[in-house]
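Analysis of the macromolecular model
Read off the chains here:
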Amino acid sequence: MAAAAAGLSWRRVSSFTGPVPRSRHGHRAVAIRELVIIFGGGNEGIADELHVYNTATNQWFLPAVRGDIPPGCAAHGFVCDGTRILVFGGMVEYGRYSNDLYELQASRWLWKKVKPQAPSTGCPPCPRLGHSFSLYGNKCYLFGGLANESEDSNNNVPRYLNDFYELELQHGSGVVGWSIPVTKGILPSPRESHTAIVYCRKDLGVPKMYIFGGMCGCRLNDLWELDIETMTWSRPETKGTVPLPRSLHTANVIGNKMYIFGGWVPQSAGGEISTHDGEWKCTGSFAYLNLDTTEWIGLISDCHEDKSNLLPGPRAGHCAVAVGTRLYIWSGRDGYRKAWNNQVCCKDLWYLDTEKPPAPSQVQLIRATTNSFQVKWDEVPTVEGYLLQLHADSPVPSAAGTPGTGVPETSVLSSQGGSSLHQSPQSLPSVPCPEMKVDHPSQANNVIPNNVQLCLSSNSLLKIEGKEKVAAPENKITQETMKNRADAAAFKESNAPSLLPVCTSSPQTSANVGELHDLDKRTVIPDASVSSTVSSTQTMRTPQRQMAPVKSRERQWYDVGIFKNSSAVVSQFYLLPEETLNASNKKEDADVPDYRLLKKQDLFPGTVYRFRVAAINGCGVGPFSKVSEFKTCIPGFPGAPSTVKITKSVDCIHLSWEPPASPSGNILEYSAYLAIRSTQLQENPNQLVFMRIYCGLKTSCVVTAAQLSNAHVDYTSRPAIVFRISAKNERGYGPATQVRWLQDMKTSSSK
């Protein structure tokens, strides 16, 4: 178990902003996407405010709630259904418990007190605390808790409960009512301060509720299972070492594991645990139950000593919540004895990544120049950084090698009739490698996150074998619309077209791509790119490019760097010494190099580079994304038009744009294209076919209803009609700006 504890990589959040809630115990937490929402609890009085922690920005805030705001409560039921939260019961003051039900619409921070119908047989749930309240589908399941038999709140007569209720919810908002299900098997014994989770195995699809531990005069560590479909209770047989009896612990499901942390456990005397455990202590033990095999795995034992303060300290009555595959733990009381008059609460926030992060989306191009790329990718929740890598079509010298040459490739996009769409630029002469210098990273984003320990060599994160095939690029556009005005303004100020990722066709140029909602007017700040070149003929298509096989040594992936954010400006990449390159191909667990000591290689003009990115969390580096392909610009050609706008009229739409930021000469004409339906798309959905709808000097055009009726609706991400706009100078057409005009389902189906 010591080895298991050493393998865990807990992180204590030490840097955050906003009003931090006062420490407490008996509170509850749920997650809505990246937000952790905390309510209730007590410490020198019961808390009634709602606190929110943004795990992406490390910011606490107090939302401005309104409506039927509930009184503060502790040891209550707290579940999340989409963006609504339900609160049931709890202690509202010492000796006085509640059976009220409140609903919070978190999208509006609106509270509402709801009154469910009473069950057709029996009474509704009595006031209680320490119960479990679990959600599955459109129903909540209430089990057990502690009631006060005395009508006098100052004269507490505890009664442990094992009643079982079902609460049916209405879709979106509101509830139907309580019911008392008829169950089979033996009901779990009465208890409070236990945990209950619902798990549905993927292959079997049978939802089951698991109840563990709790308090009924003494601590419990029994496990109960309820088959929700048949309403049958049972005691599953388990393997491994069962955690000590406990109450006020937490249980969270991530994947197929139920993680148990902390709680009150009996204070052993001479290795013996008292049956009535008159003394108990807080624990920092940590274990999980594999819900597929019902095997217990201990990770941190009850007697584990953490002298280096690398683990969350012992606590009970804390809250724990899963955000993706990351487990967060906050506050709780850390008293070691039954000292009710002197309770001390923790103030710390911890998280644990339970598995490596998933692969990010493909790298998307925002802007390309002759010797740099501005790229982005979709954010992966709860990660600490991203490892960006590239490799070039041209051989790259090692740090100790002789500078080579980069010969840009040229290619021609053919029309449907098979003739050339444009005149390909002449091949440029060989471009010598620039002098390689040892320098430090200059980008603020290009830093290794604090406390990120990578166990794999950055150049051996993916094993490269001689027979490995490079993934063929796809004509897949994956991007986001403008998330907020600040992001939009930032792109505007760059005065450069946002490009969209390649992943298709010819490596000749990069295309700018943006996304527009189906609104009356919207400025496009494109987000990614598709590699293709447009021309003066009527139609064009984006053929798949077959990559020639290359040797393993030529396909070596090189680190661009580790980035905290999901964007980067790439003008160089790191070179490893020859011996390190050879070692990294053979050894999977080599150390990550110190980037500050490595030489950098500049990007070449007119050269194709392939990119991939992997996310990093406390468990290490996750799998890499699909490969994207971009080409640096060839000097002399115009850049892509920018700031595209679509204005919708009754029977047409108006397209307008701004000239390229880098025209490289006089602009002779612009061409606008529309992706249209064709039989080729049915045979190969990745091969878009474009029809030219405008050619002229003006920076605007009209798209008629007749033209739109022939438009292809692209479903590679959100449904959209695709336009491309490019500029031509004396040397020819430059890269196109691609715009995805988002359609709602009704609009899409009518197109």
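Residues numbered from 1 in each chain as written. Predicted model: local features only at pLDDT ≥ 70, side-chain atom pairs only at ≥ 80, totals over all residues. Heavy atoms only, no water.

The next point concerns the overall build of the protein. The secondary structure content of the protein amounts to six helices and 51 strands. By residue count, 54% of the 751 residues in the protein fall in the buried class. Put simply, of all contacts in the protein between residues at least 6 apart along the chain, 68% involve residues at least 24 apart. Taken as a whole, the protein presents about 32200 Å² of accessible surface, with 50% of it coming from carbon and sulfur. (Helix = DSSP H or I, 4+ residues; strand = E, 2+ residues; numbered from the N terminus. Buried < 20%, exposed > 50% of the residue type's maximum accessible area, 1.4 Å probe, protein only. Contact = heavy atoms within 4.5 Å. Areas by Shrake-Rupley, 256 points an atom, 1.4 Å probe, with all protein chains shown as cover.)

On to the confidence of the model for the protein. Residues with a pLDDT of 70 or more make up 71% of the protein, whose mean pLDDT is 77. Scored below 50 in pLDDT, residues 400-554 makes 481 contacts in the model with residues more than four places away or belonging to other chains. In the model, residues 585-590 has pLDDT below 50 throughout and makes 13 contacts with residues more than four positions away in sequence or in other chains. (pLDDT = per-residue confidence, 0-100.)

So, on to the pairing of strand 10 (residues 110-114). Direction of pairing for strand 6 (residues 66-67) relative to strand 10: parallel, over a ladder of two bridges. Residue Gly 67 lies in a different strand from strand 10, and its bridge partner there is Trp 111. Following strand 9 (residues 96-105), the chain reverses through four residues before pairing antiparallel with strand 10; Trp 109 in that reversal takes a positive phi of roughly 55°. (Pairing = 2+ DSSP bridges.)

Turning to the nonpolar core, a few remarks are in order. Counting 26 residues, the largest nonpolar core has Phe 373, Val 375, Leu 388, Val 570, Tyr 609 and Phe 611 as the members making the most contacts within it. Residues within four places of Val 570 in sequence aside, it is in contact with Asn 371, Ser 372, Phe 373, Val 375, Leu 388, Leu 390, Val 560, Leu 603 and Phe 611. The next biggest cluster of nonpolar side chains, apart from the first, holds 24 residues, and it includes Ile 667, Ala 672, Val 703 and Ile 725. (Core = buried A, V, L, I, M, F, W, Y, C linked by side-chain atoms within 4.5 Å.)

A few words on the packing of aromatic side chains. A full pass over the atoms with the stated rule returns 29 aromatic pairs. Taking the ring centre of Tyr 351 as reference, the NZ or CZ of Arg 326 above it sits at 3.8 Å. Against the face of Phe 624 rests Arg 612, its NZ or CZ located 4.0 Å from the ring centre. (Phe/Tyr/Trp six-rings, centres within 6.5 Å; stacked < 30°, edge-to-face > 60°. Lys NZ or Arg CZ within 6 Å of the ring centre and 35° of its normal.)

The final tally for this structure, using the stated rule, is zero disulfides. The closest cysteine sulfur to the non-disulfide-bonded Cys 123 is located on Cys 126, 9.5 Å from its own sulfur. (Disulfide = S-S within 2.5 Å.)

On to the pattern of salt bridges. Applying the stated criterion to the full structure yields 19 salt bridges. A salt bridge links Arg 610 to Glu 629; its shortest N-O distance comes to 3.6 Å. Taken together, the residues span a long stretch of sequence, with Arg 610 in strand 40 (residues 608-617) and Glu 629 in strand 42 (residues 628-631) at a distance of 19 residues. Taken individually, Arg 610 and Glu 629 each receive the classification buried, so the pair is uniform in this respect. When the shortest N-O distance is used, the salt bridge between Arg 740 and Asp 714 registers 3.0 Å. (Salt bridge = Lys/Arg side-chain N within 4 Å of Asp/Glu carboxyl O.)

Overall, antiparallel pairing links the four strands, which are arranged 11-12-13-14 in an open sheet. Strands at the two margins of the open sheet, each flanked by one partner only, are strand 11 (132-136) and strand 14 (175-179). Each adjacent strand pair in this sheet contributes to an overall mean axis angle of 20°, direction not counted. Summarising the sheet, strand 13 (residues 158-169) and strand 14 pair through four bridges and their orientation is antiparallel. Looking at strand 14, one finds that Leu 167 is bridged to Trp 178. (Axes fitted to C-alpha atoms, helices over the stretch in contact; angles between N-to-C directions.)

Strand order across the open sheet formed by four strands is 19-20-23-24, with antiparallel pairing between neighbours. If you trace the sheet from one side to the other, it starts and ends with strand 19 (250-254) and strand 24 (295-300), each paired once. Across the sheet, the axes of successive neighbouring strands diverge by a mean angle of 25°, strand direction being ignored. Judged from the five bridges that link them, strand 19 and strand 20 (residues 257-261) form a sheet pairing that is antiparallel. Bridging from a neighbouring strand, Val 253 pairs with Met 258 of strand 20.

Looking now at the side chain of Arg 740. Here Arg 740 lies in strand 51 (residues 737-742). Residue classification places Arg 740 among the buried positions, given a relative accessible area of 0%.

Here the focus is the environment of Asp 222. Among the secondary structure elements, Asp 222 is positioned in strand 17 (residues 219-227). Along the chain, Asp 222 and Pro 188 lie 34 residues apart, while their C-alpha atoms are 9.1 Å from each other. Residues contacting Asp 222, with those up to four places away along its chain left out, are Ser 189, Arg 191, Ile 211, Phe 212, Gly 213 and Arg 235. At a separation of 2.8 Å, a polar atom in the side chain of Asp 222 contacts the side chain of Trp 224. (Polar contact = N/O pair within 3.5 Å; in protein donor to acceptor, adjacent residues only side chain to side chain.)

To continue, consider the pairing of strand 9. Taking burial as the measure, the 10 residues of strand 9 include seven buried ones, the bulk of the element. Counted along the chain from strand 8 (residues 84-93) to the antiparallel partner strand 9, the turn is two residues long, and its residue Gly 95 has a positive phi close to 80°.

With that settled, consider unusual backbone geometry. Backbone geometry places Ala 75, a non-glycine residue, at a positive phi of 55°. By the secondary structure assignment, Ala 75 is in the loop between strand 6 and strand 7 (77-81). Residue Ala 75 is classed as buried on the basis of its relative accessible area, which comes to 16%. One non-glycine residue, Thr 643, adopts positive backbone phi at about 50°. Within the secondary structure, Thr 643 is located in strand 43 (residues 642-648). Looking at Thr 643, the relative accessible area reads 16%, which means it is buried.

Relative to the elements of secondary structure, Glu 49 occurs in the loop between strand 3 (35-39) and strand 4 (50-54). Among the residues examined, Glu 49 registers a relative accessible area of 22% and is labelled partly exposed. With 16 residues separating them along the chain, Glu 49 and Val 65 place their C-alpha atoms 9.1 Å apart. At 3.1 Å, the side chain of Glu 49 and the side chain of Arg 24 are in polar contact. Side-chain polar atoms of Glu 49 contact the side chain of His 51, separated by 3.2 Å.

Quick look at the side chain of Asn 54 now. Following the sequence through the fold, Asn 54 ends up in strand 4. Judged by relative accessible area, which is 13%, Asn 54 ranks as buried. Within the structure, the side chain of Asn 54 is placed 3.1 Å from the backbone nitrogen of Thr 57, a separation counted as a polar contact.

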